Amino acid sequence: MYKIPFLDLPPLQAAAGTVRLPGSKSISNRVLLLAGLAEGETLIQDLLASDDTAVMLEALRQLGCDVRQDGPVLRVRGIGAQLNDGVRAAGLKLFLGNAGTAMRPLAAALALLAATQGATFELSGVPRMHERPIGDLVDALRELGCEITCLGQEGFPPLRLGGPTPLTLNAPVRVRGDVSSQFLTALLLALPLVSAEDVVIEVVGELISKPYIHITLELLKRFGIEVRRDGWERFTIPAGSRYRSPGEVHVEGDASSASYFVALGALAGIEAPVRIEGVGTASLQGDVRFVEAAALMGATVSQGPNWVEVRRGAWPLKALDLDCNHIPDAAMTLAVMALYADGPSTLRNIASWRVKETDRIAAMATELQKLGATVEEGPDWLRVNPLHDWKPASIHTYDDHRVAMCFSLAALNPLVTDRPVRVRIEDPACVAKTFPDYFETLFEVVRARRADIPVITIDGPTASGKGTLADEVAHALGYIVLDSGALYRTAGLAAFHAGVSLDDGPAVAQIAATLDLHFRKGRAILQGEDITDLLREEATGLMASQVAAHPEVRQALHQLQLDFRRLPGLVADGRDMGTAVFPDAPLKVFLTASAQTRAERRYKQLIDKGISANMESLRSDLEARDARDKGRAASPLKPAQDAQLLDNSGQTIEESKALVLEWWQSRQPF
Ligand SMILES: Nc1ncnc2c1ncn2[C@@H]1O[C@H](COP(=O)(O)OP(=O)(O)O)[C@@H](O)[C@H]1O
Ligand SMILES: Nc1ccn([C@@H]2O[C@H](COP(=O)(O)OP(=O)(O)O)[C@@H](O)[C@H]2O)c(=O)n1
């Protein structure tokens with residue numbers, strides 16, 4: 001996950017490959033609650049690991065469920081609809097973050113448990129959660145006899161649920177269905193707790209998001225509860241219903257998460273399709289119907305029970321006018337696809353967007369306009385015009401995972417403009433709500449032109465702090481790091497081990513060209529052997545400096561270094577990164593410090609690692625290495641003409657990093 005303030009996406013040209021989706025959020029949190037209330041143990045496979053499920057799991061633990069991760073399987077032993085004595089006596093305060101799929105059903109279940117078994121619960125969340133209405137559910141539960149206090153504004157969390165109180169279950173429970181279907185889901189999931197007699201729920205108003213109710217009913221069935229349904233207005237939970245663990249449950253891939261990759265296939269699956277595994281024709285989730293909307297826009301789609309393949313069909317995409325009630329979450333993706341269409345697209349019946357993680361209609365309109373698009377919005381609709389004259393934009397994401405994921409598709413703008421732009425996604429870690437590795441997954445299946453992938457080069461003499469600075473800068477921007485010195489060090493070491501003279505350029509080059517070198521979790525592995533510590537030894541540095549003087553060796557390592565230029569960007573540290581390997585890098589830093597400072601740093605570094613060192617010999621080795629690096633004919637150490645010089649003798653690491661990031665930012669269009 002990119003836990004950084006922003007992630008810059010270079011212009012993207014094409015997509016192809018296979019994506020495995022994380023588990024569905026809607027199914028994961030429903031299954032967790034049902035498993036938590038049920039008798040017996042439930043083994044859950046492929047549960048989504050995300051902020052929202054973490055919140056639900058923590059709540060279940062506090063309620064007394066035994067929750068254990070067992071390899072890829074999560075085991076949940078439920079409370080069998082019975083609060084334990086500790087919880088009854090002391091009550092619970094539960095913090096539910098911004099997880100609507102935890103707040104609503106837990107509010108209903110705990111209100112009923114409080115009423116029937118006597119306990120007090122307090123449910124709260126982040127400030128945005130306290131702005132998301134829950135009044136319709138609270139009203140329905142109060143009508144039943146539950147004691148609920150809204151601790152802030154009436155109709156919104158935080159809530160206090162109290163008891164015991166008598167419940168009136170012989171009249172139908174009435175709940176509004178036209179703002180959010182989550183209120184009905186919450187009641188359906190919770191009312192089996194009190195179904196000594198038949199319990200009837202009546203929906204007031206036209207029920208929205210029916211596919212989510214379908215998921216709820218299917219999962220209740222898996223847990224032994226067969227709800228009778230009359231149309232979408234009346235639901236009956238039969239007398240004597242009890243939650244029983246089905247033993248094992250498999251969570252299918254998240255169909256809303258699939259929408260970004262379906263869109264990617266439709267837009268950029270030009271030579272090969274994008275294949276999505278984890279959802280398909282057998283999926284429970286309504287959002288799988290997003291593929292129909294994508295097909296209406298021109299995508300070519302093929303499907304199996306649990307996979308979908310999408311490639312570009314019509315181009316530009318065909319404009320769309322669609323009632324999106326059946327795919328409320330995935331439909332946000334259409335708003336960005338509409339930028340690539342042949343006319344204005346209108347998304348209708350999306351009022352529920354206004355009460356999600358943020359006011360999504362307003363958010364989409366504002367951010368699309370930043371890119372230059374013409375957008376109109378109404379109370380429950382959004383119209384987006386195609387975009388040809390793109391502006392680089394920094395997209396605010398409102399702590400809303402879907403805004404972040406949708407707008408990554410804007411980076412495909414080279415497909416429709418000769419003047420491509422970069423797109424900045426602010427707070428990219430907000431995708432943790434449902435798809436923590438979204439951007440990593442995206443980067444595996446998209447292609448950019450090499451020249452569009454940004455590179456920052458940091459060259460300079462030994463111990464000037466290049467490696468340290470490169471790591472820091474790369475970390476701040478989410479970029480990959482190339483420690484080119486490690487490649488020369490490895491070449492020197494491999495030649496030495498093979499008994500090849502380090503003066504024999506062609507022989508060392510042959511070894512360098514076929515290095516069996518991998519980097520895994522920060523460790524360097526050469527021919528299966530971990531050489532990380534050996535690489536950093538001063539003796540290895542000297543060997544590197546010797547072999548690095550041969551032009552053949554430099555040539556042999558050239559392509560290997562170029563291959564590090566991958567999405568979303570690269571920070572390359574070495575001697576000739578800016579002069580020879582990445583001469584087109586938009587920012588080149590030449591880092592120096594006085595010989596004395598550098599010798600002191602190296603000395604400290606070695607002593608800290610428990611390696612004995614001598615200051616005098618370190619300084620003379622370092623000066624000898626400087627002389628050789630500067631004096632050699634092939635790619636000598638020198639600043640590129642357009643390099644920014646930085647002498648960090650008197651600077652802290654933080655200061656150097658801040659300065660380089662400032663230089664970088666000053667080159668950005670945002
Ligand atoms: N600006 C700085 N101020 C103080 N110490 C630094 C600074 N930059 C780096 N160092 C320290 O100097 C040592 C050498 O840095 P390193 O990154 O290994 O250098 P290089 O890659 O240039 O050989 C490290 O222990 C690092 O913490
Ligand atoms: N791009 C590069 C990187 C390293 N090198 C050589 O490899 C040696 C070791 O590089 P390094 O970056 O690991 O060394 P330190 O600066 O960490 O001491 C340097 O002294 C250079 O001679 C090079 O020639 N070109």
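Residues numbered from 1 in each chain as written. Chains lettered and ligands numbered in written order. Predicted model: local features only at pLDDT ≥ 70, side-chain atom pairs only at ≥ 80, totals over all residues.

- Under an unreviewed UniProt entry, the name given to the protein is Multifunctional fusion protein, and the organism recorded is Roseateles subflavus.
- For the protein, the Pathway (unreviewed entry) comment in UniProt is given as "Metabolic intermediate biosynthesis; chorismate biosynthesis; chorismate from D-erythrose 4-phosphate and phosphoenolpyruvate: step 6/7." (UniProt positions renumbered as here; feature names shortened; annotations may be inferred.)

### A short note on the site of ligand 2
And step 1. In the neighbourhood of ligand 2, 18 residues make up the surrounding shell, with T462, G485, A548, G574 and R575 lying closest.
And step 2. Mapped onto the shell around ligand 2, the elements with two or more residues apiece are α15 (484-497), α18 (538-547) and α22 (615-631).
And step 3. Of the residues forming the shell around ligand 2, the biggest block, five residues, is contributed by α15.
And step 4. Per-class residue counts for the shell around ligand 2 are six nonpolar, seven polar and five charged.
And step 5. Residue contributions to the shell around ligand 2 reach at least three from each of two domains, namely domain 3 (453-479 + 568-608 + 635-670) and domain 4 (485-565). (Near = placed C-beta within 6 Å. Helix = DSSP H or I, 4+ residues; strand = E, 2+ residues; numbered from the N terminus. Nonpolar A, V, L, I, M, F, W, Y, C, P; charged D, E, K, R; others polar. Domains from an automatic or database assignment.)

### As for the domain arrangement of the protein
And step 1. Taken as a whole, the protein is organised into domain 1 (6-22 + 253-450), domain 2 (25-250), domain 3 (453-479 + 568-608 + 635-670) and domain 4 (485-565).
And step 2. Taken over C-alpha atoms, the centre of domain 1 sits 36 Å from the centre of domain 3.
And step 3. For the side of domain 1 that touches domain 3, the element with the most residues is strand β1 (residues 6-9), which contributes three residues.
And step 4. Counted by class, the side of domain 1 that touches domain 3 contains six nonpolar, one polar and four charged residues.

### Topic: the site of ligand 1
And step 1. Taken together, 14 residues lie near ligand 1, and G465, K466, G467, T468 and R601 sit nearest.
And step 2. Elements supplying a minimum of two residues to the shell around ligand 1: α14 (466-477), α21 (595-608) and α23 (653-666).
And step 3. In terms of residues, the shell around ligand 1 owes the most to one element, α14, which gives three residues.
And step 4. Residue composition of the shell around ligand 1, by class: two nonpolar, ten polar and two charged.

### Brief notes about α15
And step 1. For α15, which comprises 14 residues, the first-to-last C-alpha distance of 20 Å matches the rise-based estimate of 20 Å (1.5 Å per residue) to within 8%.
And step 2. Across the 14 residues of α15, twelve count as buried, placing the element largely inside the fold.
And step 3. By the burial criterion, the buried members of α15 are S484, G485, A486, L487, Y488, R489, T490, A491, G492, L493, A494 and A495.
And step 4. Of the residues flanking the end of α15, it is G499, one or two places downstream, whose phi is positive at about 75°. (Expected span 1.5 Å × (residues − 1). Buried ≥ 20, exposed ≤ 12 C-beta atoms within 10 Å, placed from the backbone.)

### Things to note about the sheet that holds strand β17 (residues 300-304)
And step 1. Taken in spatial order, the four strands of this open sheet run β3-β16-β18-β17, and their pairing is mixed. Across the chains shown, the open sheet's two edge strands, defined by having one partner strand only, are β3 (17-20) and β17. On average, each strand axis in the sheet is tilted by 15° relative to the strand beside it, whichever way the strands run.
And step 2. Pairing analysis gives five bridges linking β17 to strand β18 (residues 307-311), with the strands arranged antiparallel. (Pairing = 2+ DSSP bridges. Axes fitted to C-alpha atoms, helices over the stretch in contact; angles between N-to-C directions.)

### With respect to the packing of helix α6 (residues 182-190) against helix α7 (residues 210-222)
And step 1. Their axes nearest at 10 Å, the elements α6 and α7 cross at an angle of 10°. Comparing their axes, α7 and α6 come out roughly parallel. Residues L184, T185, L188 and L189 of α6 pack against Y212, I213, T216 and L220 of α7.
And step 2. Looking at the contact of α6 with α7 residue by residue, the classes come out as six nonpolar, two polar and no charged. (Parallel < 35°, antiparallel > 145°, perpendicular 65-115°, else oblique. Contact = placed C-beta atoms within 7 Å.)

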